[in-house]
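Structural description and commentary
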Amino acid sequence: SKRKATEKTSPSGDSSSAYIGRRVSSEFDGQFFQGTVDVYNSRRHLWHVTYDDGDEEELDHGEILLAMELFGGSSDASYIGRRVSRNFEGKMYHGTV
């Protein structure tokens, strides 16, 4: 099951809210699910997605970019060589796909 969102806030009006309304795809247990970005939580820097099946999830910036690209039909090969950054428990990690 996808993570459930615990809180929502209105978009802040900055460029982060530009993703509101965008369609996304995510893979869970070998199946692909489509949804819509509907809220940006500016305090937590997370985008809330409601999937077509009614499930919900909050995604960080890297995850939301990947989900939008996956919806657009990009192949996994397009990620090879990309630099990535990920915040895990308050520490930033950097790497290359």
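Going by the structure above, here's the rest.
Note that the structure is predicted; figures quoted are calculated from it, not measured.

1. Remarks on the nonpolar core
Core analysis: the largest hydrophobic core is formed by 12 residues, namely Tyr 19, Val 24, Phe 33, Val 37, Tyr 40, Trp 47, Val 49, Tyr 51, Leu 59, Ile 64, Ala 67 and Met 68. Listing elements by their share of this core, those giving two or more residues are strand E2 (31-41), strand E3 (46-51) and helix H1 (61-71). Ignoring anything within four residues of it in the chain, the contact list for Val 37 reads Tyr 19, Ile 20, Gly 21, Arg 22, Val 24, Trp 47, His 48, Val 49 and Ile 64.

2. A closer look at the sheet that holds strand E4 (residues 56-59)
Strand order in the open sheet made by the four strands is E1-E2-E3-E4, with antiparallel pairing throughout. A single partner strand is all that each edge strand has here, and the edge strands are strand E1 (23-28) and E4. In this sheet, adjacent strand axes meet at a mean angle of 40° when their direction is disregarded. Pairing geometry for E1 and E2, over six bridges, is antiparallel. Bridge pairing in E2 links Phe 28 to Gln 31. Sheet contacts for H1: E1, E2, E3 and E4; angle to E1, the most-contacted strand, approximately 100°.

3. Observations concerning the environment of Trp 47
Along the polypeptide, Trp 47 turns up in strand E3. On a C-alpha basis, the gap between Trp 47 and Ser 16 in space is 8.7 Å, while along the polypeptide they are 31 residues apart. The residues touching Trp 47, leaving out its near neighbours within four places in the chain, are Ser 16, Tyr 19, Val 37, Val 39, Tyr 40, Glu 57, Glu 58, Leu 59, Asp 60, His 61 and Ile 64.

The rules behind each value
- Residues numbered from 1 in each chain as written.
- Predicted model: local features only at pLDDT ≥ 70, side-chain atom pairs only at ≥ 80, totals over all residues.
- Heavy atoms only, no water.
- Core = buried A, V, L, I, M, F, W, Y, C linked by side-chain atoms within 4.5 Å.
- Buried < 20%, exposed > 50% of the residue type's maximum accessible area, 1.4 Å probe, protein only.
- Helix = DSSP H or I, 4+ residues; strand = E, 2+ residues; numbered from the N terminus.
- Contact = heavy atoms within 4.5 Å.
- Pairing = 2+ DSSP bridges.
- Axes fitted to C-alpha atoms, helices over the stretch in contact; angles between N-to-C directions.

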